[in-house]
Amino acid sequence: MYLVVEGRKKLKGKIEISGSKNGALPVLIASLLTDKECFIENVPDILDVKTTIELLQFLGKNVEFKDGNVLIKGGIKRAFAPYDIVKKMRASILVAGPVLGRKKKIKVSIPGGCLIGPRPINYHIEGFKKLGAKVEIRGGDIILSAKNLKGTKILLEYPSVGATENLLLISSSIEGETVIENPANEPEISILIEVLKMMGVKIEKGVSCLKIKGRKNLKGFKYKLPPDRIEAGTYFIISALAGENILIKNFPALHLDSLIEKMKEAGVDFSISEENLRVNGRKKLKSVDIEANPYPGFPTDLQPLWTVFMTKAAGKSIIIDNVFPTRFSYIDELRRMGAEVVLKSSGCEVKKSNLVGARVRVPDLRAGAALLSAALIAKGRTILEDFYHIERGYENFIEKLKGIGARIWIE
Ligand code: EPZ
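Residues numbered from 1 in each chain as written. Predicted model: local features only at pLDDT ≥ 70, side-chain atom pairs only at ≥ 80, totals over all residues. Heavy atoms only, no water.

Examining a positive patch on the surface
Going by this rule: Note that patches include only residues with greater than 30% relative accessible area and no salt bridge, and the join distances are 9 Å for like charges and 5 Å for nonpolar side chains (Val, Leu, Ile, Met, Phe, Trp, Tyr). Only the protein chains shown count as cover for residues, and all accessible areas are computed by the Shrake-Rupley method using a 1.4 Å probe. The salt bridge criterion pairs a side-chain nitrogen of Lys or Arg with a carboxyl oxygen of Asp or Glu, the two atoms within 4 Å. The convention is simple: Lys and Arg are positive, Asp and Glu are negative, and His and the chain ends are not counted. Charged groups are reduced to one reference atom each: NZ for lysine, CZ for arginine, CG for aspartic acid, CD for glutamic acid. Secondary structure elements are taken from DSSP: a helix is a run of H or I of four residues or more, a strand is a run of E of two residues or more, and numbering for both begins at the N terminus.
Where like charges cluster on the molecular surface, the positive patch consists of Lys 36, Lys 202, Lys 211, Lys 213, Arg 215 and Lys 219. Relative to the assigned elements, Arg 215 resides in the loop between β13 (209-213) and β14 (221-224).

As for the site of the ligand
Defined as follows: Definition of nearness: a residue and a molecule or strand are near each other if at least one heavy atom of the residue lies within 4 Å of the molecule or strand. Each residue is assigned to one of three groups, with Ala, Val, Leu, Ile, Met, Phe, Trp, Tyr, Cys and Pro labelled nonpolar, Asp, Glu, Lys and Arg labelled charged, and all others, Gly among them, labelled polar. An automatic or database domain assignment supplies the start and end points of every domain.
Taken together, 23 residues form the shell around the ligand, and within it Asn 122, Ser 160, Asp 301, Val 323 and Arg 366 come nearest. Isolated, the ligand exposes 830 Å² of accessible area, and the fraction of that covered by the protein chains is 85%. Where the shell around the ligand is concerned, the elements lending two or more residues are α1 (21-30), α5 (122-130), α6 (161-172) and α12 (365-377). Looking at the shell around the ligand residue by residue, the classes come out as twelve nonpolar, six polar and five charged. When we break the shell around the ligand down by domain, the ones giving at least three residues each are domain 1 (3-18 + 227-410) and domain 2 (21-224).

Focus: empty space enclosed by the protein
This is how it is decided: A cavity here means a set of points on a 1 Å grid, drawn over the protein atoms and nothing else, where a 1.4 Å probe fits but cannot get out; a pocket is an open set with protein on both sides within 12 Å along at least five of seven lines, and a residue lines either one if it has an atom within 4 Å of a point. Grid points are joined across faces, edges and corners, and a volume is the space filled by probe spheres set on the points.
Under the criterion given, the structure shown has one cavity of 30 Å³ or more. By volume, the largest cavity is sized at about 30 Å³. Every residue along the wall of the largest cavity is listed here: Thr 234, Tyr 235, Ile 238, Ala 369, Leu 372, Tyr 394, Phe 397 and Leu 401. Sorting the residues of the lining of the largest cavity by element identifies α8 (229-242), α12 and α14 (397-403) as the ones contributing at least two each. Broken down by class, the residue content of the lining of the largest cavity amounts to seven nonpolar, one polar and no charged.

A few points about the side chain of Asp 321
What counts, and what does not: Working definition: with a 1.4 Å probe on protein chains only, accessible area under 20% of the residue-type maximum means buried, over 50% means exposed, and in between means partly exposed. Whether two residues are in contact is decided by their heavy atoms, any of which lying within 4.5 Å being enough.
Relative to the assigned elements, Asp 321 resides in strand β19 (residues 316-321). No salt bridge is formed by the buried Asp 321; the nearest opposite charge belongs to Arg 327, separated by 4.8 Å. Beyond its immediate stretch of four places on either side in the chain, Asp 321 contacts Ala 292, Thr 300, Gln 303, Arg 327, Phe 328 and Ser 346.

Points about the sheet that holds β14
By way of backbone hydrogen bonds, the strands of a sheet pair with one another, either parallel or antiparallel. We count it as follows: By this definition, two strands are paired if DSSP reports at least two bridges between them. The axes are straight lines fitted to the C-alpha atoms, using for helices just the contacting stretch, and the angles between their N-to-C directions are given from 0 to 180°.
One open sheet accounts for four strands, arranged β4-β5-β3-β14; its pairing is mixed. The two strands at the open ends of the sheet, each matched to only one other strand, are β4 (62-66) and β14. Within the sheet, the average angular offset between the axes of one strand and its neighbour, ignoring direction, is 10°. As defined by bridge partners, strand β3 (residues 38-41) adjoins β14 across four bridges and the pair is classed as parallel. In the sheet register, Glu 41 faces β14, and the bridge partner there is Lys 224.

This is the structure we're talking about:
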């Protein structure tokens, strides 16, 4: 199966943003901290959510997913995250924290390589060790066990999103106070904190630290996920590239400051009102350099899309990613579409280019979104292989794009 896109159609109309993917995953996993009922609304129907549900069910939870609502009941019956699930989604490692916290043991397959660059989990493991866990590696699995876990101070060498979430999850279920110094500050961390507080955990945000007082017997929760800031950013860039008068509904402007500033610099004509953003169009685009950094910096997840955007800007732009410095696997594919882009030691340099349709392979989720946006502005037909990567993170993207006039279908 391939995704086919006929480029250069003027896009126009309305597009609505779904619930946050990277907010949904840790919130679904937080249900492992209790046997009580948990209910989550506005959950996007995407592959990563389905994989997370499959993992929760494997661990023993009873999960129903219908019309954007997830109901989770029951307890943990197994303390094992198998390779078949972990290899599909690296965020599976997040079950280690809550299961270790409650069951005092867990075996998790070590996630394999990843196309956005090396993705070690050493900060997660170092944190677990500080809390009193023993770590063994056997047969491709990490085996974590502990007689006694106790809150303590953990300094993260780098503000890793996943490590912060895993440590928040484990410390919510153990006695004593845990202090995470230099935690990640992404909006998805605030989502998880809000849910953990609903469950009865005491969490204080200090200056560059989080103080967590966990407890046994946490409560269930009911929570509605906010809109996905990366999906919103993706459609903002697509609208600026190929659209005229597009209304993006449920646009989380508060969490996309860095993108909004860069869009203004580039010369995009847009307006924000309440929860919506309207892209009126653009005149001549100016080249704007970006450097992806931890929040509130420019999001690494939008970095590949910005590269495509800059193929329409006058002059040349430099794109650097300080979060995943080698997240440029899409460049070779983009070049096949005529993009003048070269890899530099710390990023890439892109020049104004005329894109033409080609057969390309999608290497990962956001690279897929970038190639898709390139296809929308390219002359002729683009065929995207392995487009399932895009389905991991974008709900109904084919229908949403068709809804604003794109010519896109599966063959
Ligand atoms: C989360 O990944 C997101 N995933 C990513 O989104 C996002 O790109 C990333 O945060 C950064 O914003 C989810 O939320 C499910 P990190 P995560 O730990 O947690 C290094 C998408 O497309 N590091 O903050 O894996 C790591 O190699 C996905 O939706 C270590 O060295 O990101 C990277 O260079 C992709 N050791 C940097 O830190 C560790 O133990 C940031 O990683 C952990 C991380």
